[in-house]
Amino acid sequence: MPAQAYVRGDSSWRHVGCLVKEDILQIHQYIRKFVQQGHSVKKIAFGALFGLLILGAVIGVNNPGAPAHAAGCNGYTVRSGDTLGGIASRYGVSWGSIASYNNIGNPNLIYAGQTLCIPGRGAVSSAPAQPSGSVTGLIYQVFGAYAPAAIRVAMCESSLNPGAYNSISIGGSHASGLFQILYPSTWSGTSQAGGSPYNAWSNIVAAHEIFVRDGYSWREWQCQP
């Protein structure tokens, strides 16, 4: 299983923009050379068409994973902070099937604004697929680049114990599971509300949602990375 995919943001698109700009300049120089050498209008037109084809190929290469939408697929637009594993868990499918359907050559890299075709029923599952692996491995699948900090928080909160429970009541709720999320209060506001906070994968997905919702901060946790 590959390292978890995570979103590349605006800086990546700026880089792609620079590549396209360079190619446009090269095409312009190519056509200008044709004119200076006295080539016929027909040859100039051919050169311009050839240049446009090159430009189209470059844009296609730099925008990988463009899905071929098929019947039975549900469109999903990638948001900043999304991971392929996290998206897959919300739809009850595997990250591998999403990568395959969308021709994603590198499953460790998806882009904010990218539209994915989610295979299957096209509805969010209340019982997401449960990947196997160690607790830290599951955290890496969901948190991606933020996993080292997430592991430190979970270690402090629960000693990486999915069954951890705090008997102290806070407004009728108790800190539960791997990331000690308040159940039922905070838990009910996540996509995992229908599941158990003591399920390691569900707790990790819920913690990631809270982390992203709070602007990629750990402000709702007593432990800090």
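Residues numbered from 1 in each chain as written. Predicted model: local features only at pLDDT ≥ 70, side-chain atom pairs only at ≥ 80, totals over all residues. Heavy atoms only, no water.

1. Some thoughts on the overall build of the protein chain
1) Next: The helix and strand inventory of the protein chain stands at 7 helices and 6 strands.
2) Next: When the elements of the protein chain are put in sequence order from the N terminus, they spell out β-α-α-β-α-α-β-β-α-α-β-β-α.
3) Next: For the protein chain, buried positions account for 40% of its 225 residues.
4) Next: Taken as a whole, the protein chain presents about 11,800 Å² of accessible surface, with 58% of it coming from carbon and sulfur. (Helix = DSSP H or I, 4+ residues; strand = E, 2+ residues; numbered from the N terminus. Buried < 20%, exposed > 50% of the residue type's maximum accessible area, 1.4 Å probe, protein only. Areas by Shrake-Rupley, 256 points an atom, 1.4 Å probe, with all protein chains shown as cover.)

2. Things to note about the packing of helix H5 (residues 135-143) against helix H7 (residues 200-213)
1) Next: Relative to each other, H5 and H7 sit at 35 degrees, their axes nearing to 10 Å. Helix-helix and strand crossings are classified by hand; for H5 and H7 the assignment is right-handed. Two secondary-structure elements touch here, H5 through Val135, Leu138, Ile139, Gln141, Val142 and Phe143 and H7 through Ala200, Trp201, Ile204, Val205, Ala207, His208 and Phe211. (Axes fitted to C-alpha atoms, helices over the stretch in contact; angles between N-to-C directions. Left-handed = near helix turned anticlockwise from the far one by under 90°. Contact = heavy atoms within 4.5 Å.)

3. Observations regarding the layout of surface pockets
1) Next: Taken as a whole, the largest pocket spans an internal volume of roughly 310 Å³.
2) Next: Here the residues of the lining of the largest pocket are counted per class, giving 9 nonpolar, 4 polar and 2 charged.
3) Next: Counted as a void, the second largest pocket has a volume near 200 Å³.
4) Next: Arg79, Ser80, Gly81, Asp82, Arg90, Gly189, Thr190, His208, Glu209, Ile210, Val212 and Arg213 together form the lining of the second largest pocket.
5) Next: By residue number, the principal contributor to the lining of the second largest pocket is H7, which donates 5 residues.
6) Next: Residues belonging to the lining of the second largest pocket are distributed by class as follows: 2 nonpolar, 5 polar and 5 charged. (1 Å grid on protein atoms, 1.4 Å probe; cavity = no way out; pocket = protein on both sides within 12 Å on 5 of 7 lines; lining within 4 Å. Points joined across faces, edges and corners; volume = space filled by probe spheres on them. Nonpolar A, V, L, I, M, F, W, Y, C, P; charged D, E, K, R; others polar.)

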